[in-house]
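Overview (structure and organization)
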Amino acid sequence: LATVVDVREDDLSFFPLLYWPVTDGQPALHQGAIDRLNEFLANGGTILFDTRDRTGSADLGELRALARKLDIPPLVVAPPNHVLTRSFYLLQDFPGRWTGSPLWIERAGARVNDGVSPVLAGGNDWAAAWALDEDTQQALYPAVPGGERQRELAFRFGINLVMYVLTGNYKADQVHLPAILRRLGN
C-alpha cells in the first residue's frame, strides 16, 4: 500500500525513497518544505520524479520549476551499465506504464552517498504500471505497448530501484570480489 507523504509535516527520515508524480499546476512549495526536502536529499534520501509524459524530458516546465527550488544535481541519462540495470534483476531499460523514456540520474561520482543518485527522473508512469485493484489484484491501467510483459519489467524496475536506494552500489563493488578473496587467503 502506498503512503502519502506530506513534505511539510512528515518526518522524511523514515522514507529512504519518495515517488513524486510531477503534475501540471501542482502547488508551489513553501520555503519550509524546500528546506526539508533539501535536507532529505543531502542526508541520503532519494526522490524519483515521474513526469508521466512518455518522454521523460528532465527539462519539462513543472520539473524545471521544482529543480530551481531544490538542490537537484545536474542529471544525465542512465548509462546502459548503471547499477540499476542489475541491482537484483537484469534489465536493459526501465519501463512503466509507458516505455522508451530515458531515466535521468546524477552523474557518477558527483556525490558520496554510496553511489546512489539523490534524484532520478523519467516519464514512464511507474506508479500506474504498479497500481493494482485491492480486491481483484488486477492492473488498473494498461501497460503500453508491451502489455503484461512490460508490467512485469516495471515491477522488476521497482524492485531494482528499492535495492539500489537501500544498498547503494554494492553490485558495482562485486567486480572487486576476486581480489578481496585473494587478500583473505581463500
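Residues numbered from 1 in each chain as written. Predicted model: local features only at pLDDT ≥ 70, side-chain atom pairs only at ≥ 80, totals over all residues. Heavy atoms only, no water.

**Concerning the overall build of the protein**
Summing up its helical and strand segments, the protein has 6 helices and 5 strands in all. Going from the N terminus to the C terminus, the protein shows its helices and strands as β-α-β-α-β-β-β-α-α-α-α. For the protein, the residues scored as buried account for 37% of the 186 residues in total. In the protein, of all internal contacts separated by at least 6 residues, the share reaching a separation of at least 24 is 74%. Total accessible area on the protein stands at roughly 10,700 Å², and carbon and sulfur atoms take up 55% of it. (Helix = DSSP H or I, 4+ residues; strand = E, 2+ residues; numbered from the N terminus. Buried < 20%, exposed > 50% of the residue type's maximum accessible area, 1.4 Å probe, protein only. Contact = heavy atoms within 4.5 Å. Areas by Shrake-Rupley, 256 points an atom, 1.4 Å probe, with all protein chains shown as cover.)

**Quick notes on the confidence of the model for the protein**
Averaged over the protein, the pLDDT score is 88; the fraction of residues at 70 or greater is 88%. Within the protein, no element has a lower average pLDDT than helix α5 (residues 170–173), which sits at 61, and none a higher one than helix α3 (residues 126–130), at 97. (pLDDT = per-residue confidence, 0-100.)

**A short note on unusual backbone geometry**
Val-144 connects to Pro-145 through a cis peptide bond whose omega is 10°. Its identity is not glycine, yet Asp-125 carries a phi of approximately 55°, on the positive side. Summarising the element assignment, Asp-125 is placed in the loop between β5 (119–122) and α3. Here Asp-125 falls in the buried class, since its relative accessible area comes to 10%. The phi torsion at Gln-137 lies on the positive side, around 60°, for a residue other than glycine. One can find Gln-137 in the loop between α3 and α4 (147–167).

**Things to note about the nonpolar core**
Membership of the largest hydrophobic core comes to 19 residues, with the highest contact counts inside it found for Val-7, Trp-20, Leu-29, Leu-37, Ile-47, Phe-49 and Leu-70. Going through the elements one at a time, β1 (17–21), α1 (31–42), β2 (46–50), α2 (61–69) and β5 are the ones with two or more residues in this core. Aside from chain neighbours lying at most four places away, what touches Leu-70 is Leu-29, Ile-34, Leu-37, Asn-38 and Phe-49. (Core = buried A, V, L, I, M, F, W, Y, C linked by side-chain atoms within 4.5 Å.)

**Re the pattern of salt bridges**
Using the criterion set out here, one finds 3 salt bridges in the structure. One salt bridge in this structure joins Asp-6 and Arg-8, with 3.0 Å as the shortest N-O distance. Between Arg-156 and Glu-152 there is a salt bridge, and its shortest N-O distance comes to 3.1 Å. Of the two residues, Arg-156 and Glu-152 are both situated in helix α4; the distance of 4 residues between them amounts to about one turn of the helix. Looking at Arg-156, the relative accessible area reads 23%, which means it is partly exposed. (Salt bridge = Lys/Arg side-chain N within 4 Å of Asp/Glu carboxyl O.)

**Concerning the pairing of β2**
Where burial is concerned, most of β2 is hidden: 5 out of the 5 residues are buried. Residues Thr-46, Leu-48 and Asp-50 line one face of β2 and the alternating positions Ile-47 and Phe-49 line the opposite face, and both faces are buried. Between β1 and its parallel partner β2, the chain crosses via α1, and the hand of that crossover is right-handed. Bridge count between β2 and β5: 4 bridges; the pairing is parallel. (Right-handed = clockwise from strand over helix to strand, strands pointing away. Pairing = 2+ DSSP bridges.)

**Brief notes about the side chain of Ser-117**
Turning to its location among the elements, Ser-117 is positioned in the loop between β4 (104–106) and β5. Here Ser-117 falls in the buried class, since its relative accessible area comes to 3%. Polar side-chain contacts of Ser-117 include one of 2.5 Å to the backbone oxygen of Val-119. When sequence neighbours within four positions are dropped, the list of residues in contact with Ser-117 reads Thr-46, Ile-105, Glu-106 and Tyr-164. (Polar contact = N/O pair within 3.5 Å; in protein donor to acceptor, adjacent residues only side chain to side chain.)

**Things to note about the packing of aromatic side chains**
Going through the model one piece at a time under the given rule, you end up with 5 aromatic pairs. An aromatic cluster of at least three residues, connected via ring pairs, comprises Phe-94, Trp-126 and Phe-157. (Phe/Tyr/Trp six-rings, centres within 6.5 Å; stacked < 30°, edge-to-face > 60°.)

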